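Commentary on secondary and tertiary structure
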Amino acid sequence: MHRQNDINKHIYVIVKVFAVLFAVIFLNLAYIQVYEAEDLLNNPHNSHVMEKAAEIQRGKIIDNSGVILADTQKEKNSFKRVYPYGEVFAPPLGYVSDKLGYSGIEASQNAQLAGNNMQLHALGPLSQLFEPQVGNDVHLTLSAAYQQAAYDALGERKGAVVILNRKTGEILAMVSRPSFNPNDIDAEWDTLRTDENSPLLNRASQGLYPPGSTIKPLIADGALTSGVATTDTIVNCTGSLYINSSYSLADSSGEVHGAVNLAGAIMHSCNSYFGTMGIRLGEDGLAETFSRFGYDRELESDFINTAPELPDFANLSEGELAQVGIGQSTLLVTPLRMAMLAASIGNQGVLMKPFLVKQITSPDNTVIETHEPEKWLTVSSPEITNIIYADMKQVIASGTGTRAAVDGIEMIGKTGTAENSAGADHAWFIGCANMPDEDIAFAIIVENSGFGGGEAAPIIKNILTNILAKEGK
């Protein structure tokens, strides 16, 4: 009897152990099926998803006016992904490859494009009985007209163009050159990945550059908001800001601006003025200003983007504080973030969250998801941004950005020439324009090309003139 009881106890313990193990397995499966399902479905290296995708007619990627940017053609017993615009849209769209997986929008929206229904996926293998054989269509905020115009205007030069609807955050153009042709990604991969010009890098949202003088509107906001200066504060520019016996900060070509206030400093891009403001703001003022504009945080969006790299404000000398005031030092930003800076000035201090995916529709055109505009930050007040807006308007009228002016279009701008330790200076131009159909913000960088006013500013004029001509306006 005693032996039987011992056996029963052992059996009971074994049953409990197996029950716990089954519970752990069940919970793990539930976690994978529910919580990790979307990440696994979007993982470009998931072999199961890739095998399944080969049997599905992948959904289309479409611009904001119905133009097809990516489609799927049936070839014998398989499907081939085709990109009508080739290199033009490659940086934001990415590619689909049996060998390499996915990138860009093709990766972030893979579950939708492959027709993977999250609710059905929770059923596990049973989902294969119900899932469609055609993927969903992804409608983007991108405009084929703006994208093509920006791509053509940048030409063969290395650089990037970002154009936003500043009222909504919709990205209308995201151009990066040099680019690649996603139709030939497998054949050209070895060449592309070793190319020293980095054609696979989306410079628009991932390229990091010193912003140079395009950061000056932010510094102006910091000075006015903190009270270290007013619109009437005068700095005497002698062509160089002497900080101490061993260091001075020169103005472009040693130009002497004389007694300048904020408006004059923005219009003529005076380094002495903004270097002085960098020193007056100091480590705390600069850190607070960059934080207000979101430069110290990640931007969670539906596309890959790189956060800015900020100086260590707590350990900067006066000379380095002055350098930050003119967009140098160790400050690095993306063209996307500079377009966002311009957008916030043009939107009275309200910064909308940039996004690319506008809507998801099923093969029968039923709307599955709609992504609405979302405010990201309130970076400043209307009173202060309106002052800076008016000053940036004069940059176009009679300052360093006159070559950007377009007849009949209200525009603001700021030029920038960023020193580059690895080569020739980068040319920048940022700003806003009130187009007939949308109020836009933009950022343009042309690598190793020289002055922003001469190299980057004419590009936006080219783009907007092209758009107006197509619209017959």
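You'll find the structure just up there.
For clarity, every value in this text was computed on a predicted model and none was experimentally measured.

**A word on the overall build of the protein**
A count of helices and strands for the protein gives 18 helices and 19 strands. Across the 473 residues of the protein, 52% fall into the buried class. In the protein, once contacts between residues fewer than 6 apart in sequence are set aside, the share between residues at least 24 apart is 68%. For the protein, the exposed area adds up to about 21100 Å²; of that, 52% sits on carbon and sulfur atoms.

**A few points about the packing of aromatic side chains**
Inspection of the entire model under this criterion finds 8 aromatic pairs. Clustering of aromatic rings is evident, with ring pairs tying together Y95, F180 and W189. Against the face of Y151 rests R177, its NZ or CZ located 3.8 Å from the ring centre.

**Some details on the nonpolar core**
Core analysis: the biggest nonpolar cluster contains 121 residues, and Y146, Y273, F290, I463 and L464 have the highest contact counts within it. Element by element, the count of residues in this core is highest for helix α15 (residues 335-346), at 8 residues. The contact partners of I463, leaving out residues within four places of it in the chain, are Y146, A149, A150, A153, V161 and I163.

**A closer look at the pattern of salt bridges**
The final tally for this structure, using the stated rule, is 12 salt bridges. Note that E455 and R157 form a salt bridge whose closest N and O atoms lie 3.8 Å from each other. With E455 in helix α17 (residues 452-455) and R157 in the loop between α8 (144-154) and β7 (159-165), this pair connects stretches of sequence that are 298 residues apart. Overall, R157 belongs to the partly exposed group, its relative accessible area being 31%. Across the salt bridge formed by E447 and K158, the nearest N and O atoms sit 4.0 Å from each other.

**Digging into the sheet that holds β7**
Pairing within the open sheet is antiparallel, and its 5 strands lie in the order β8-β7-β19-β18-β17. At either end of the open sheet lies a strand with only one pairing partner, and these are β8 (171-177) and β17 (411-420). The sheet shows a mean angle of 10° between the axes of neighbouring strands, direction not considered. Strands in contact with helix α16 (residues 382-398) are β17 and β18 (423-434); relative to β17, the strand with the most contacts, it is inclined by about 75°.

**Some remarks on the packing of α8 against helix α18 (residues 457-470)**
Interhelical geometry of α8 versus α18 gives an angle of 140° and a closest axis separation of 9 Å. Judged by the angle between their axes, α8 and α18 are oblique. Between α8 and α18 lies a crossing of right-handed hand. On α18, the residues that touch A145, Y146, A149, A150, A153 and L154 of α8 are I459, N462, I463, L464, N466, I467 and K470. The residue makeup of the contact of α8 with α18, split by class, is 10 nonpolar, 2 polar and 1 charged.

**Quick word on the sheet that holds strand β15 (residues 367-370)**
Here we have 6 strands laid out as an open sheet, ordered β3-β2-β1-β6-β14-β15, and mixed in their pairing. If you trace the sheet from one side to the other, it starts and ends with β3 (78-82) and β15, each paired once.

**Thoughts on the packing of helix α11 (residues 216-226) against helix α13 (residues 271-292)**
At a minimum axis distance of 8 Å, the contact between α11 and α13 shows a crossing angle of 75°. By the criterion of interaxial angle, the relationship of α11 to α13 is roughly perpendicular. Across from K216, L218, I219, A220, D221, G222, A223, T225 and S226 in α11, the residues of α13 making contact are N271, F274, M277, L281, L286, T289, F290 and R292.

**Some details on α11**
In terms of burial, α11 is a largely internal element, 9 of the 11 residues being buried. Taken together, the buried positions of α11 are K216, P217, L218, I219, A220, D221, G222, A223 and L224. The inward-facing, buried residues of α11 contact α12 (262-268), α13, α14 (318-325), α15, α16 and β17. Positive backbone phi, at 90°, marks G227, one or two positions downstream of α11.

**Digging into the side chain of R337**
By the element assignment, R337 lies in helix α15. For R337, the side chain forms a polar contact with the main-chain oxygen of G294, separated by 2.7 Å. Of note is the side chain of R337, whose polar atom sits 2.8 Å from the backbone oxygen of R297. Not counting chain neighbours up to four residues away, the residues in contact with R337 comprise G294, Y295, R297, E298, L299, A307, P308 and W376.

**Brief notes about the pairing of strand β6 (residues 137-140)**
Of the two faces of β6, the one holding D137 and H139 and the one holding V138 and L140 are both buried throughout. In this sheet, β6 lies alongside strand β1 (residues 61-62) in parallel orientation, the contact comprising 2 bridges. Looking at the pairing, I61 lines up with V138 of β6.

Conventions and cut-offs
Residues numbered from 1 in each chain as written. Predicted model: local features only at pLDDT ≥ 70, side-chain atom pairs only at ≥ 80, totals over all residues. Heavy atoms only, no water. Helix = DSSP H or I, 4+ residues; strand = E, 2+ residues; numbered from the N terminus. Buried < 20%, exposed > 50% of the residue type's maximum accessible area, 1.4 Å probe, protein only. Contact = heavy atoms within 4.5 Å. Areas by Shrake-Rupley, 256 points an atom, 1.4 Å probe, with all protein chains shown as cover. Phe/Tyr/Trp six-rings, centres within 6.5 Å; stacked < 30°, edge-to-face > 60°. Lys NZ or Arg CZ within 6 Å of the ring centre and 35° of its normal. Core = buried A, V, L, I, M, F, W, Y, C linked by side-chain atoms within 4.5 Å. Salt bridge = Lys/Arg side-chain N within 4 Å of Asp/Glu carboxyl O. Pairing = 2+ DSSP bridges. Axes fitted to C-alpha atoms, helices over the stretch in contact; angles between N-to-C directions. Parallel < 35°, antiparallel > 145°, perpendicular 65-115°, else oblique. Left-handed = near helix turned anticlockwise from the far one by under 90°. Nonpolar A, V, L, I, M, F, W, Y, C, P; charged D, E, K, R; others polar. Polar contact = N/O pair within 3.5 Å; in protein donor to acceptor, adjacent residues only side chain to side chain.

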